[in-house]
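Here is what each chain is made of, one letter per residue.
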Amino acid sequence: MSRADRPAPTLSPSPSNRPPSIDRMAGWPALQPLIGRAGRPMVIDALRAWVEARRGQPDVSDEAACARWCEARLAGLMRPSQRRIFNLTGTVLHTNLGRAVLAEEAIQAAVEAMRSPTTLEYDLADGSRGERDEHVAPWLRRLTGAEAAVAVNNNAAAVLLVLATLAAGRDVIVSRGELIEIGGAFRIPDIMARAGCRLVEVGTTNRTHLKDYAEAIGPDTAAIMKVHPSNYTVTGFTKTVSAAELVPLARERGLPVIEDLGSGTLADLETWGLPHEPTAREAIAAGIDVVTFSGDKLLGGPQAGLIVGRKELIQRIGRNPMKRALRLDKVRLAALEATLRLYSDPDRLADRLPTIRTLARPANEIRSLAERLLPPLARQLGEALQVTIEPARGQIGSGALPVDLLPSFALAIRGKGLDRLAVAFRRLPVPVIGRITGGALLFDLRTLDDERAFLAQLSELDGLAE
């Protein structure tokens, strides 16, 4: 065989490029602080990834370089995926950003419930088993005027449980103009189908009359249902039937009336100069038999679905085996109870409940905040970007008052590279979430409640937008 036909010799890896064993690397002094913080299994996984990434490279056995690389890798893995942010989108109750911010009283109650065993289902008076809904039911009865109340994990669950209990296998009459779809493809017809009842549509999209309900009632009718339109409004040539009109008809035919208020509220928002939103107390006073609404929207509490109404019907709903699958845990019940207690002192509600405080924040106060923030933000961004203060129109969000906008002020940034700049703001230690519209990156300041923290991290924008 000629020299040209001989196969090239296989070269063995250089000893300097061959990494030590993973166990030996895990014993390096530079990695011990990281093991103390993250644990040995996580560091071992990081070391394996380091060896794979640097295979054959000269620095594969570099202790300091390896430690830095593993530190950076585990910092990303160990960072909580759910993080605090600044919601400057202009939507106060932003579904994607967690909706209502809890009051300090609710936060403290939740922390206490997490720290130790509680009287979740225990009656201290006689030592017997208690009922978890009794932590919130007395407050709901007091605040709505209802005879009874129960709570589940969200309003969709509340609607599902009510229909499954009162109308399974039978008909429920709903105006065609109230067959809503809200975020996450939640549709009233779909919920009714899952609850095992049959939808009977009456009226048209824009007009429904009392006679439409009356003519639809038959031997299989279980209930009449009203649904708050939540995230849309129909204007122009319209007609709806109020609860005051529906209740006498339902009483005459021996049927319950169910009303889903959607977001729902326990306070008259007009007190703070906001548009009126139907309250649970108004629905009960009108004679509605069962009312459902949310706990984490306008009410300003944790995620919950609240069901109030006639005692006999609420008791039936509470006995449904499905209720156990939908119930609240001790932490959310504690936060909800603390939130409801705040409503017993309406004169101080705007001072103590963040949702009301934010919605009622005067526009001139927001303008003053913008004037303080503009100079340091402009200095940080430099001359290539223009920062101005502009009037803004925010919204409540989460399906509440969709066409009623909140007068506010925003910091508007204009110039090149706004998409890249928005990413840089989202990469800050406390990410800042705004919106790009009309050729500007807008930060609506209605919901900014920590001016100092916002300013303190601006210097970290350096390099992030490059």
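Thresholds applied
- For every chain, the first residue of the written sequence is number 1, and numbering continues from 1 along that sequence.
- Predicted model: local features are reported for residues with pLDDT of at least 70 only, side-chain atom pairs are reported and counted for 80 or more only, and whole-chain, interface and lining totals are derived from all residues.
- Working from all heavy atoms in the structure, the side-chain values ignore hydrogens and water.
- Think of it this way: any DSSP run of H or I at least four residues long counts as a helix, any run of E at least two long counts as a strand, and we number them from the N terminus.
- Take the number of residues in a helix, subtract one, and multiply by 1.5 Å to get its expected span.
- Accessibility here uses a 1.4 Å probe with only protein chains present; expressed as a share of the type maximum, an area under 20% marks a residue as buried, one over 50% as exposed, and anything in between as partly exposed.
- For this analysis, a polar contact is any N or O atom pair within 3.5 Å, provided that within protein one partner can donate a hydrogen and the other can accept it, and provided that sequence-adjacent residues contribute only side-chain to side-chain pairs.
- Side-chain rings of Phe, Tyr and Trp, where Trp is taken by its six-membered ring, are said to pair if the distance between their centres is within 6.5 Å; with planes under 30 degrees apart they count as stacked, over 60 as edge-to-face, and otherwise as tilted.
- Note on geometry: axes are C-alpha line fits, over the in-contact stretch for helices, and angles between N-to-C directions span 0 to 180 degrees.
- Just so you know how the angles are binned, under 35 degrees is roughly parallel, over 145 roughly antiparallel, 65 to 115 roughly perpendicular, and the rest oblique.
- Here is the rule for handedness: rotate from the far helix to the near one, and if that takes an anticlockwise turn smaller than a right angle the crossing is left-handed, while a clockwise turn gives right-handed.
- It only takes one pair of heavy atoms within 4.5 Å for two residues to be counted as in contact.
- What counts as a salt bridge is simple: a side-chain nitrogen of Lys or Arg found within 4 Å of a carboxyl oxygen of Asp or Glu.
- At least two bridges found by DSSP between two strands are what make those strands a pair.
- Predictor confidence is given residue by residue as pLDDT, running from a minimum of 0 to a maximum of 100.

**A word on helix α7 (residues 155-166)**
Reasoning step 1: For α7, built from twelve residues, the straight-helix expectation of 16 Å at 1.5 Å per residue is met to within 8% by its first-to-last C-alpha distance of 16 Å.
Reasoning step 2: With eleven of its twelve residues buried, α7 lies for the most part within the structure.
Reasoning step 3: Within the sequence span of α7, burial applies to Asn155, Ala157, Ala158, Val159, Leu160, Leu161, Val162, Leu163, Ala164, Thr165 and Leu166.
Reasoning step 4: Put simply, asparagine 154 is the residue that caps the front of α7, since its side-chain oxygen is 3.3 Å from the backbone nitrogen of alanine 156.

**Some words on the packing of aromatic side chains**
Reasoning step 1: Overall, the coordinates contain three aromatic pairs when judged by the stated rule.
Reasoning step 2: When the centroid spacing of 5.9 Å and the interplanar angle of 75° are considered together, the rings of phenylalanine 86 and phenylalanine 454 count as edge-to-face. Linking phenylalanine 86 in strand β1 (residues 86-87) with phenylalanine 454 in helix α19 (residues 451-456), this pair joins segments that are 368 residues apart in sequence.
Reasoning step 3: Residue phenylalanine 86 is classed as buried on the basis of its relative accessible area of 3%.

**What about the packing of helix α5 (residues 104-115) against helix α14 (residues 330-342)?**
Two numbers describe a pair of packed helices, the interaxial angle and the distance between the axes.
Reasoning step 1: Here α5 crosses α14 at 150°, and the two axes come no closer than 8 Å. Considered as vectors, α5 and α14 are oriented roughly antiparallel to each other. The two elements α5 and α14 cross, and the hand of that crossing is right-handed. Only Lys330, Val331, Ala334, Ala335, Ala338, Thr339 and Leu342 of α14 make contact with α5, whose side of the interface consists of Glu105, Ala106, Ala109, Ala110, Ala113 and Met114.

**Focus: the pattern of salt bridges**
Reasoning step 1: Tallied over the full model, the rule gives 31 salt bridges.
Reasoning step 2: Between glutamate 121 and arginine 327 there is a salt bridge, and its shortest N-O distance comes to 3.6 Å. Here glutamate 121 is found in the loop between α5 and α6 (137-144), whereas its partner arginine 327 is found in the loop between α13 (322-326) and α14, with 206 residues between them in sequence.
Reasoning step 3: The class for arginine 327 is partly exposed, based on a relative accessible area of 26%.
Reasoning step 4: For glutamate 451, the salt bridge is made with arginine 372, and the minimal N-O distance between the two is 2.9 Å. Here arginine 372 lies in helix α17 (residues 363-381) and glutamate 451 lies in helix α19, a separation of 79 residues in the sequence.
Reasoning step 5: By relative accessible area, which is 24% here, glutamate 451 ends up partly exposed.
Reasoning step 6: Connected via shared salt-bridge partners are Arg251, Asp289, Arg310, Glu312 and Arg316.

**Digging into the sheet that holds strand β10 (residues 305-309)**
Reasoning step 1: Within the open sheet, the seven strands sit side by side as β2-β10-β9-β8-β7-β3-β6. Their pairing is mixed. Because the sheet does not close on itself, it has two edges, and the strands there are β2 (148-152) and β6 (198-202). Ignoring which end each strand starts from, the neighbouring axes of this sheet average 25° apart.
Reasoning step 2: Both strand β8 (residues 257-260) and strand β9 (residues 290-294) contribute to a ladder of three bridges, which runs parallel. The partner of glutamate 259 across the bridge, within β9, is valine 291.
Reasoning step 3: The sheet contacts of helix α10 (residues 243-253) involve β7 (221-227) and β8, and relative to β7 the element is tilted by about 175°.

**Regarding the confidence of the model for the protein**
Reasoning step 1: In this model, the protein carries an average pLDDT of 91, and 92% of its residues clear a pLDDT of 70 or more.
Reasoning step 2: Every residue in residues 8-14 is under pLDDT 50, and counting partners more than four places away or in other chains gives one contact.

**Observations regarding the pairing of strand β15 (residues 440-444)**
Reasoning step 1: Taken across its five residues, β15 has five buried, putting it largely inside the fold.
Reasoning step 2: Side-chain alternation along β15 places Ala440, Leu442 and Asp444 on one buried face and Leu441 and Phe443 on a second face that is also buried.
Reasoning step 3: Across three bridges, the pairing between strand β14 (residues 435-437) and β15 is antiparallel. Along β15, the bridge assignment pairs threonine 437 with alanine 440.
Reasoning step 4: Joining the antiparallel neighbours β14 and β15 is a turn of two residues, in which glycine 438 adopts a positive phi near 60°.

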